[in-house]
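An overview of the molecular structure
Each chain, written out:
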Amino acid sequence: MLLTRLRAPSVDFGAIRSEFGLSEAFDAQVMQEAMDARDLHADSRIDRTDIPFVTIDPPGSKDLDQAVHIEKTSNGLVVHYAIADVGALVVPGGALDLETRRRGQTFYLPDGSVPLHPRELSEGSGSLLEGETRCAALWTIELDDVGEAVAWTVTRALVRSVARLDYAQVQADVDAGTPHPSIANLAEFGSQRAAAAIRRGAIDITLPEQEVVPEGQGWRVALQPRTAVDGWNAEVSLLTGMCAARIMLDAGIGIVRTLPPASPEALEALKNTAAALGIDWPAGASAGAVLAGLPADAPSTLAMMTRATGLLRGADYLAFDHSTNIADRDETVEHSGIGAPYAHVTAPLRRLSDRFTTEVCLAVVAGESAPDWAAQALPELPAIMRGSDSAASKVDRACVDFTEAHVLRDRVGESFDAVVLRGAEGKRDAEVLVSEPIVIGKCGGEPPAGESVTVRLVQADTDSRKVSFDYSPVTA
């Protein structure tokens with residue numbers, strides 16, 4: 001991880017909470033329901049506490065939605081993926097149910113989260129904590145010898161996690177050749193699924209993410225590159241979401257996450273960027289294949305990945321039931337970034353829609369009709385999730401922008417080394433990544449995309465949360 005050692009001690013994220021109307025507080029009735037939560041399906045569970053599940057989450061996380069175990073067989077791999085069964089803990093139509101529909105999802109800020117559910121549930125009775133027996137929706141997915149799913153099912157179960165791991169720990173163990181036995185096959189699984197993604201025409205954009213993290217009494221901005229383990233673990237959720245989408249589409253009821261195909265104009269723009277950066281694009285190769293073959297740390301890769309975000313525009317949710325014929329609708333049912341139909345089902349403690357999609361999948365696999373409370377909510381969920389997704393993205397960006405402006409507020413006029421992520425286009429300024437301190441900002445002066453340049457800071461305003469630079473080419 002690349003870190004800036006400059007601190008922004010006076011940053012107060014409370015202003016951002018107020019701006020977006022975020023409050024951790026729940027009313028008394030909601031809190032009581034969360035504390036009284038009991039398994040509504042205790043009599044129908046199978047006991048799978050024999051499977052030694054592990055969780056993989058950021059350090060300090062307590063809202064643990066998923067636990068995984070991967071075994072190798074003579075035919076391929078079998079993924080066991082336990083998802084917190086929140087639908088069994090929330091009374092339909094109750095105060096907690098209504099409050100989660102208002103919130104939509106958990107919001108994460110540098111100084112703490114604003115949870116979807118009270119912590120008594122999301123970090124307690126509903127969380128797949130190490131050593132605790134918990135109710136879960138247990139997915140079992142069989143893969144062939146090249147990583148393609150050949151069979152899948154989901155059922156209510158009791159599970160127990162035997163270890164709480166974090167990404168850095170798992171990566172270090174893999175690098176040392178000593179992975180936890182429950183995920184000893186994670187690397188093979190991840191490699192197979194990455195190859196399968198390219199075959200599907202998936203587009204994986206691996207830009208490092210900016211993150212505001214504490215340092216002493218202040219804050220700093222860090223870049224968090226995606227490690228191999230990050231990618232492998234993400235593939236478990238993607239695979240599960242693809243199986244869930246297939247279950248719901250075949251049954252004619254549910255919600256899928258959609259993304260239309262990239263426009264010809266966006267694809268042509270990416271090819272032009274590749275040519276300008278000297279990146280080879282073999283005839284017939286997909287955008288996903290070209291991006292997957294780029295060197296991880298090259299400045300040209302950052303520029304190429306930034307441009308590739310233009311391929312993934314228009315993400316949405318599509319709800320459907322037996323009263324609608326999807327084949328007659330104009331909307332796509334696929335997620336073009338994944339190259340297949342896909343649904344959110346793996347984070348019900350943190351994302352509202354997953355509780356309902358999981359409930360639909362459980363019912364369909366059991367040969368039953370989806371419960372009325374879940375089916376009746378489906379038409380309302382896309383709008384709720386669109387709104388909360390948009391708000392979460394704005395909150396994330398506001399926190400980073402606020403911290404960047406504080407870090408740089410006394411350095412206007414100074415010069416910095418930077419990589420040009422995106423060149424100037426029309427009325428839009430270029431975008432640059434400054435490495436020390438880590439900042440991404442607009443840049444005037446038309447710097448060349450993919451190049452390492454020197455830029456001058458011209459604005460760092462904490463009130464507007466805006467940071468901008470200027471580039472002046474060196475002339476002989």
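A quick note: this is a predicted structure, and the numbers were derived from the prediction, not measured.

Some details on unusual backbone geometry
Following E436, the chain continues into P437 via a peptide bond in cis, with omega recorded as 0°. For P437, the position within the fold is in the loop between β15 (430–435) and β16 (438–444). With a phi angle near 55°, E446 is a residue other than glycine that sits in the positive phi range. Residues other than glycine seldom take positive phi values, yet R465 does so here, at roughly 60°.

Here's the deal with the nonpolar core
In this structure, V68, V79, W139, I183, L186 and F189 are the most contacted members of the largest nonpolar core, which totals 51 residues. Here this core gets 10 residues from one element, more than from any other, and that element is helix α7 (residues 228–251). Ignoring any residue separated from it by four or fewer positions in sequence, one finds V79 in contact with H69, I70, W139, T140, I141, L143, F189, V236 and L239. Grouped together as the second largest cluster of nonpolar side chains are 24 residues, A82, L121, L138 and L349 included.

So, the packing of aromatic side chains
According to the stated counting rule, one finds four aromatic pairs in the structure shown. Aromatic pair F13 and W219: ring centres 5.3 Å apart, planes at 90°, arrangement edge-to-face. Taken together, the residues F13 in the loop between β1 (2–3) and α1 (14–19) and W219 in strand β11 (residues 218–224) connect sequence positions 206 residues apart. For the pair F13 and W219, a shared accessibility class is recorded, and that class is buried.

Notes on the sheet that holds β16
The strand order β14-β15-β16-β18-β17 describes a closed barrel built from five strands, whose pairing is mixed. Each strand of the sheet is rotated relative to its neighbour by a mean of 50°, with strand direction disregarded. In the sheet, β15 pairs with β16 via six bridges, with the strands oriented antiparallel. Residue V432 lies in a different strand from β16, and its bridge partner there is G441. Helix α10 (residues 299–308) contacts β14 (415–422), β15 and β17 (452–461) of the sheet and is inclined by roughly 50° relative to β14.

Thoughts on helix α11 (residues 352–365)
Judged by how many residues are buried, α11 sits mostly within the fold: 12 of 14 residues are covered. Turning to α11, its buried residues number three or more, namely L352, S353, D354, R355, F356, T357, T358, E359, V360, C361, L362 and A363. G367 occupies a position one or two residues after α11 and carries a positive phi of about 75°.

Some points on the packing of helix α2 (residues 28–35) against helix α3 (residues 95–103)
Two numbers describe how α2 lies on α3: the axes approach to 8 Å, and their chain directions differ by 110°. On the basis of the axis angle, α2 is roughly perpendicular to α3. The handedness of the crossing between α2 and α3 comes out as left-handed. Each of Q29, V30, E33 and A34 in α2 lies in contact with α3, whose residues at this interface are A95, L96 and E99. Among the residues forming the contact of α2 with α3, the class breakdown is four nonpolar, one polar and two charged.

Rules of the game
- Residues numbered from 1 in each chain as written.
- Predicted model: local features only at pLDDT ≥ 70, side-chain atom pairs only at ≥ 80, totals over all residues.
- Heavy atoms only, no water.
- Helix = DSSP H or I, 4+ residues; strand = E, 2+ residues; numbered from the N terminus.
- Core = buried A, V, L, I, M, F, W, Y, C linked by side-chain atoms within 4.5 Å.
- Buried < 20%, exposed > 50% of the residue type's maximum accessible area, 1.4 Å probe, protein only.
- Contact = heavy atoms within 4.5 Å.
- Phe/Tyr/Trp six-rings, centres within 6.5 Å; stacked < 30°, edge-to-face > 60°.
- Pairing = 2+ DSSP bridges.
- Axes fitted to C-alpha atoms, helices over the stretch in contact; angles between N-to-C directions.
- Parallel < 35°, antiparallel > 145°, perpendicular 65-115°, else oblique.
- Left-handed = near helix turned anticlockwise from the far one by under 90°.
- Nonpolar A, V, L, I, M, F, W, Y, C, P; charged D, E, K, R; others polar.

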